[in-house]
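Remarks on the overall topology
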Amino acid sequence: MHIEPVTSITPELLAAFARLLPQLTNAPIPTHDELQALIASPSRLIVARFPDENGPIVGSACLGVFRTPSGVHAHIEDVIVDETMRGKGIGEALVKTLLDTARLMGLKGVSLTCNPRRVAANQLYQKMGFKEWKTNTYWYDL
Ligand SMILES: CC(C)(COP(=O)(O)OP(=O)(O)OC[C@H]1O[C@@H](n2cnc3c(N)ncnc32)[C@H](O)[C@@H]1OP(=O)(O)O)[C@@H](O)C(=O)NCCC(=O)NCCS
């Protein structure tokens, strides 16, 4: 497989998100301009191709990066592997790439949240060495 950073928004990428995102959430499919804003920000968006760099996009993941007064924070979001391509190590390779990216940025750690019902994803993160972080997560409906 091949993992690459997204550096431009192409019709292929838009079609890939139209296919991949519903496998994670019912959030709206991102538009060209929304993805453009994402790659122009400090956050990093990566995709996986299979079987090599000439293959189709089969997965994606994002490292959300933002600064607050206490420092720069990074949060892994939207790790998705196409359902026909799971079990081949693609999810693990995507997360490893984001961890390497955060390390190169000089960050001390990376956070993520994962619903307990996402069995495969929880297994993946624990296998990779993520430790449960005892804190309360809150959500405010707007
Ligand atoms: C979670 C997800 C990204 C894993 O992608 P994947 O490419 O199939 O995962 P990998 O092949 O890299 O598997 C790596 C590890 O994850 C775990 N894992 C993967 N699939 C699993 C499954 N069906 N059941 C239990 N553990 C699983 C295993 O620990 C596996 O290691 P192993 O092969 O040595 O057992 C994929 O299932 C997915 O896209 N799910 C839907 C979206 C989602 O839930 N995203 C996470 C949001 S927090």
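Refer to the structure printed above.
No experiment lies behind these values; they were computed from the predicted model shown. (Residues numbered from 1 in each chain as written. Predicted model: local features only at pLDDT ≥ 70, side-chain atom pairs only at ≥ 80, totals over all residues.)

1. Considerations on the overall build of the chain
Per the secondary structure count, the chain includes 4 helices and 4 strands. Counting from the amino terminus, helix and strand elements in the chain follow one another as β-α-α-β-β-β-α-α. The C-alpha atoms of the chain give 15 Å as radius of gyration, which agrees with the globular expectation for 142 residues (14 Å, within 12%). When the backbone C-alpha atoms are referred to their principal axes, the chain occupies close to 40 × 35 × 30 Å. Here the chain holds 142 residues, and 20% of them are scored as buried. Of all intrachain contacts in the chain linking residues separated by at least 6 positions in sequence, the fraction that spans at least 24 positions is 53%. (Helix = DSSP H or I, 4+ residues; strand = E, 2+ residues; numbered from the N terminus. Rg over C-alpha atoms; globule rule 2.2 N^0.38 Å. Buried ≥ 20, exposed ≤ 12 C-beta atoms within 10 Å, placed from the backbone. Contact = placed C-beta atoms within 7 Å.)

2. A short note on the site of the ligand
In the vicinity of the ligand, 20 residues are found, and the nearest of them are Arg86, Gly91, Ala120, Gln123 and Leu124. At the level of secondary structure, the elements contributing two or more residues to the shell around the ligand comprise strand 4 (71-81), helix 3 (90-104) and helix 4 (119-127). Its residues placed into classes, the shell around the ligand shows 10 nonpolar, 5 polar and 5 charged. (Near = placed C-beta within 6 Å. Nonpolar A, V, L, I, M, F, W, Y, C, P; charged D, E, K, R; others polar.)

3. Re the sheet that holds strand 1 (residues 2-5)
Read from one edge to the other, the open sheet built from 4 strands follows the order 1-2-3-4, with strand pairing classed as antiparallel. This sheet does not close on itself; its edge strands, each paired only once, are strand 1 and strand 4. Averaged over all adjacent pairs, the angle separating strand axes in this sheet is 20 degrees, with direction ignored. Note: strand 3 (residues 57-68) against strand 4, 9 bridges, orientation antiparallel. Within the sheet, the bridge partner assigned to phenylalanine 66 lies in strand 4 and is histidine 73. (Pairing = 2+ DSSP bridges. Axes fitted to C-alpha atoms, helices over the stretch in contact; angles between N-to-C directions.)

4. As for the environment of methionine 85
With respect to the element layout, methionine 85 can be found in the loop between strand 4 and helix 3. We classify methionine 85 as partly exposed; it has 17 C-beta atoms within 10 Å. With residues near it in sequence (within four places) discarded, methionine 85 still touches Phe50, Val58, Gly59 and Ile90.

5. Comments concerning helix 3
Between the first and last C-alpha of helix 3 there are 21 Å, a value that for 15 residues agrees with the 21 Å anticipated at 1.5 Å per step. When we look at burial in helix 3, the residues that qualify are Ile90, Gly91, Leu94, Val95, Leu98 and Ala102. Within helix 3, the buried residues cover an arc of 140 degrees as seen down the axis, which keeps them to one side. Residues Asp100, Arg103 and Leu104 are exposed on helix 3 and point more than 90 degrees away from its buried face. The inward-facing, buried residues of helix 3 contact strand 1, strand 2 (44-49), strand 3, strand 4 and helix 4. (Expected span 1.5 Å × (residues − 1). Arc of directions from axis to C-beta.)

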